Amino acid sequence: MKKFALSLVLLLLLAVLFYEDSRRQAMVAEVAKSAKAQEQLTRKIEDLNRRVVQAERRAGSVTPERPAGVGGAPAAAAVPEAPAPVPGVTTTAPAGWFKNGMNPGDYVVGVDQNQSYNGQPSAYVKSIVGSPSGFGGMMQSTSAAEYAGKRIRYTAWVRTEDANEGGGHLWFRIDGQQSGQTLGFDNMDKRPLKGTTSWQQQSIVLDVPPEARALAFGFFVGGAGQMWTNSARIEEVGADVPVTNMLTSKPAQTAPKNLNFSE
């Protein structure tokens, strides 16, 4: 009788162990399934981001307000009535440049022969609606091969008129090999030209890493107003010229302080 009872207990223990092992295996399988699903979802999101960036670049909608190429694509907007023709002023981007921005239909771009400087005509961007949304301007993109491993400066003469909201900006970005990868960026966010200004020379200085793929640069006005640029150039500079890279700006302090709030 005792042997029978012992055998029964052993059988029950084996059954419990088998049940617990089955549950454990089922949980492991479920976790693995969930992890695989999460990985697939992550890959789908990354693929979607890549497609968005590619579509933006094909459409010429790379924007100067974001360092990377992901998100913030310009929204479609109704095109306002075209401004009246002015002698010496075109209303399309010149060769090598294209119009860009957020809600670019709120702006007109072109070349203004009437606003010459240094003996050259000026490129311009001007808001053409009462309350423009976002910003508008012109840009271009080029291979970084010629500038790889160098410190370069993008310089232009700039003036503004009634740019009282976001002001006038130059911007410059270094793109990496991966889609949406940004290696350097500055859009004069902390030093825009606001209001009505006379001609001023503005510069952005960035290092171009050896692995850089492309340079993107241009100018824009934020909100209402008008901006002109003239005599733009990109040139190599020495290591003594400080960079203006917003991605590597130094913190206000070098170490934590007053953590116990006693000061």
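Scope of this entry: the structure provided in the associated data block. Computed from a prediction, not measured in an experiment: that's the story for all the values here.

## Some remarks on the overall build of the chain
Move 1: For the chain, the helix and strand inventory stands at one helix and eleven strands.
Move 2: Looking at the chain residue by residue over its 263 residues, the buried ones come to 35%.
Move 3: Considering only intrachain contacts with a sequence separation of at least 6, the fraction spanning at least 24 residues in the chain is 77%.
Move 4: For the chain, the exposed surface amounts to about 15,600 Å²; the carbon and sulfur share of it is 57%.

## Focus on the packing of aromatic side chains
Move 1: Throughout the structure, instances matching the rule amount to eight aromatic pairs.
Move 2: Residues Tyr154 and Phe172 carry aromatic rings whose centres are separated by 5.8 Å and whose planes lie at 70° to one another, so their mutual orientation is edge-to-face. On the criterion of sequence distance, the pair formed by Tyr154 in strand E5 (residues 151-161) and Phe172 in strand E6 (residues 163-175) is long-range, its members being 18 residues apart.
Move 3: By way of ring pairs, the aromatic residues Trp97, Tyr154, Phe172, Phe217 and Phe219 are connected into one cluster.

## Description of the nonpolar core
Move 1: Of all hydrophobic cores here, the largest spans 26 residues; its most connected members are Leu170, Phe172, Val208 and Leu215.
Move 2: Elements with a contribution of two residues or more to this core: strand E2 (107-117), strand E3 (120-127), E5, E6, strand E9 (200-207) and strand E10 (214-222).
Move 3: Not counting the four nearest positions on each side in its chain, Val208 is found in contact with Ala144, Tyr147, Ala148, Gly149, Lys150, Ile152, Ile174 and Leu215.
Move 4: In this structure, Phe135, Met139, Phe185 and Phe220 belong to the second largest nonpolar core, which totals six residues.

## A short note on the sheet that holds strand E11 (residues 226-237)
Move 1: Taken in spatial order, the five strands make up an open sheet running E2-E3-E11-E5-E9, and their pairing is antiparallel. Only two strands of the sheet have a single neighbouring strand rather than two, namely E2 and E9. Averaged over all pairs of adjacent strands, the angle between strand axes in this sheet comes to 35°, irrespective of strand direction.
Move 2: Bridge count for E3 against E11 is four bridges, and the pairing is antiparallel. Paired with Lys126 across the bridge in E11 is Gln226.

## Description of the pairing of E3
Move 1: Relative to E3, E2 is paired through seven bridges, and the arrangement is antiparallel. Following the sheet pairing, Gly110 is matched in E3 by Tyr124.
Move 2: Linking E2 back to E3 in an antiparallel pair, the connection comprises two residues, with Asn118 at a positive phi of about 55°.

The rules we used
- Residues numbered from 1 in each chain as written.
- Predicted model: local features only at pLDDT ≥ 70, side-chain atom pairs only at ≥ 80, totals over all residues.
- Heavy atoms only, no water.
- Helix = DSSP H or I, 4+ residues; strand = E, 2+ residues; numbered from the N terminus.
- Buried < 20%, exposed > 50% of the residue type's maximum accessible area, 1.4 Å probe, protein only.
- Contact = heavy atoms within 4.5 Å.
- Areas by Shrake-Rupley, 256 points an atom, 1.4 Å probe, with all protein chains shown as cover.
- Phe/Tyr/Trp six-rings, centres within 6.5 Å; stacked < 30°, edge-to-face > 60°.
- Core = buried A, V, L, I, M, F, W, Y, C linked by side-chain atoms within 4.5 Å.
- Pairing = 2+ DSSP bridges.
- Axes fitted to C-alpha atoms, helices over the stretch in contact; angles between N-to-C directions.

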